Amino acid sequence: MQPPSQDWASLLPAAWSEARQILRKKCGSRTFESWLKSLMLADFDSQKKIIRLACPSEFMANWISSHLSDELLLAWRTVWPGIAEVKVSVRNPESQPLLLDVTEIELPLGDQPRPLPKKPAKKKQSVPATPKSTSPEKKAEGEDQNQFEERYNFDNFVVGKANDLAYRAACTFAEGGKLDFNPLFLYGGTGLGKTHLMHAVGIEYLKRHPNSTALYMSAEKFMYDFVASMRAKDTHSFKARLRSADLLMIDDVQFIAGKDSTQEEFFHTMNEVITAGRRLVISADRSPQDLERIESRILSRLSWGLVADVNPADFELRLNIILKKLEAMPQVSMPEDIVFFLAKRICTNVRELEGALNRVVAYATLSNRPINMDFVTETLADLLRTTQQRVTVEDIQKRVCDHYHLKLADMSSKRRDRVIARPRQVAMYLSKQLTSRSLPEIGQRFGGRDHTTVIHAIRQIEKLRITDEDVDSDVRLLMRQFEG
Ligand SMILES: Nc1ncnc2c1ncn2[C@@H]1O[C@H](COP(=O)(O)OP(=O)(O)OP(=O)(O)O)[C@@H](O)[C@H]1O
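Definitions and cut-offs
- Residues numbered from 1 in each chain as written.
- Predicted model: local features only at pLDDT ≥ 70, side-chain atom pairs only at ≥ 80, totals over all residues.
- Heavy atoms only, no water.
- Pairing = 2+ DSSP bridges.
- Helix = DSSP H or I, 4+ residues; strand = E, 2+ residues; numbered from the N terminus.
- Axes fitted to C-alpha atoms, helices over the stretch in contact; angles between N-to-C directions.
- Contact = heavy atoms within 4.5 Å.
- Buried < 20%, exposed > 50% of the residue type's maximum accessible area, 1.4 Å probe, protein only.
- Near = heavy atom within 4 Å.
- Polar contact = N/O pair within 3.5 Å; in protein donor to acceptor, adjacent residues only side chain to side chain.
- Areas by Shrake-Rupley, 256 points an atom, 1.4 Å probe, with all protein chains shown as cover.
- Nonpolar A, V, L, I, M, F, W, Y, C, P; charged D, E, K, R; others polar.
- Domains from an automatic or database assignment.

K.L.:
Just to check I follow, could you spell out the sheet that holds strand β3 (residues 85–90) for this structure?
P.N.:
Pairing between the strands of a sheet comes from backbone hydrogen bonds, and it takes one of two forms, parallel or antiparallel. Strands sit in the order β1-β2-β3 across an open sheet of 3 strands; the sheet is mixed. The sheet is open, and its two borders are formed by β1 (40–45) and β3, each paired with just one other strand. Along the sheet, successive strands turn relative to each other by an average axial angle of 25°, direction set aside. Sheet topology note: the β1/strand β2 (residues 50–55) ladder contains 5 bridges and is antiparallel. Among the inter-strand pairings, Asp43 is bridged to a residue of β2, identified as Arg52. With respect to the sheet, helix α2 (residues 58–79) is in contact with β1, β2 and β3, its orientation differing from that of β3 by roughly 160°.

In structure tokens, the structure reads:
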């Protein structure tokens, strides 16, 4: 059964964001910036599995179609394997895009550029398209008003031991009462919810104080806008915009490390905002004392306020996050053991956990398959491989020998009778699937066999998994033992 269209709409932003990351990597920043960046997601035909992208001109549409169509299809298929076709056409100025692409993080023009951050650019959804006749100033104003992602609110933020302090501090800050501390400094590793909390502060603060102004920007955007304002010889408007906000939030402040002139401006902005009794929220990937190449006067101001850490989610929090996300997808039926499995295995950060969940749901819907353990281990194979504890060829050999009641020495012996040769092939196959060992390395560990023997074993098991149910179920069982 096909899901109703709004289900697709909720999954598309994350998928498009992931596809863009892949495209940037595959095609290089130059091509991406020149040709692909302005592409917008225009439509998704869930019946025919066609993605339609729109770009500003016919010339661009033709060029992209003739030069980059393979890359586009590949990127989409990496994210959603069932996609049949990706079409590029000219944007209809009247129609509203499915997704409005917000400005991606730009490199600063003045201060020494640093590599772009690896995390996906955050997307806003459901932002009304800017009317064509809007003046640039009006547009900037409009962008500020629409800067918060609605779904990043306090209700959607799941609280656990790892983020309790940060959550409570953020709530207090957003209430807008007497300021007991200022600034609020949130820090923690990537993908743990700092940006989510900042958006939640902004949303809540504006809800309670509709006549106030709140401004959120990444430290990179701060840097870029500042440098641009210097070039345009108009730093005045830049300063005025930031310093007049009742609530100012700067995300990922570690990005201005080593940027002297930006830090100078940042320091004065902080000072003015705090002195004027306006609210300031700053986030970083580490605590003030651990931030390097940031001026000490900035660090000391940061430590004046409340410093709250956001820690990696524990199992219970991960479980609750999945359950919360599933609440928003009532059409999805996910068995309890899968929910536990995901919470247990995807423990890097919440962004990855969310990505894994979205991928499973999207693939299942696209391929019309039920969500069960086989499906999930197959769909998330790459992720599980990197997150799983390292499995060694020796572990695999032991498990296979236990399963088939063989001696460990049989894995390396020259004996070729089937009762031994077949399990040995299974062990070679699993070694390729579950470890990062090369074919010669695997052969070496099976009694110094040649890599062509390993290739033969892998092909043999691949064939048998299709034609012989017993072999297939043995392999699945063994695989699950390692992956679970
Ligand atoms: N406690 C939570 N409850 C619900 N969702 C969460 C929680 N923590 C993180 N998320 C989700 O995880 C994703 C990543 O979070 P976010 O972008 O806020 O991370 P971050 O800490 O700002 O990372 P970075 O340092 O890379 O900017 C978001 O989609 C967010 O909604």
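K.L.:
How do you make sense of the pairing of strand β4 (residues 184–188) when you look at a structure like this?
P.N.:
Each regular strand shows side chains that alternate between the opposite faces of the sheet. Where burial is concerned, most of β4 is hidden: 4 out of the 5 residues are buried. Two elements, β4 and strand β7 (residues 279–284), share 4 bridges in a ladder whose sense is parallel. Looking at β7, one finds that Tyr187 is bridged to Ala284. Alignment of β4 against strand β8 (residues 306–310), held across 5 bridges, turns out to be parallel. For Tyr187, the partnering residue across the bridge sits in β8 and is Asp309.

K.L.:
Would you take a moment to explain the site of the ligand for this structure?
P.N.:
Surrounding the ligand, one finds 21 residues, the nearest of these being Thr190, Gly191, Thr195, His196 and Glu354. Residue Val158 places a main-chain N or O atom 2.8 Å away from a nitrogen atom belonging to the ligand. Measuring from an oxygen atom of the ligand, one finds a side-chain N or O atom of His196 at 2.7 Å. Look at the ligand: alone it shows 630 Å² of surface, and the protein chains cover 97% of it. In terms of residue class, the shell around the ligand is made up of 6 nonpolar, 8 polar and 7 charged. Summarising the domain contributions, the shell around the ligand has at least three residues from each of domain 2 (152–307) and domain 3 (313–387).

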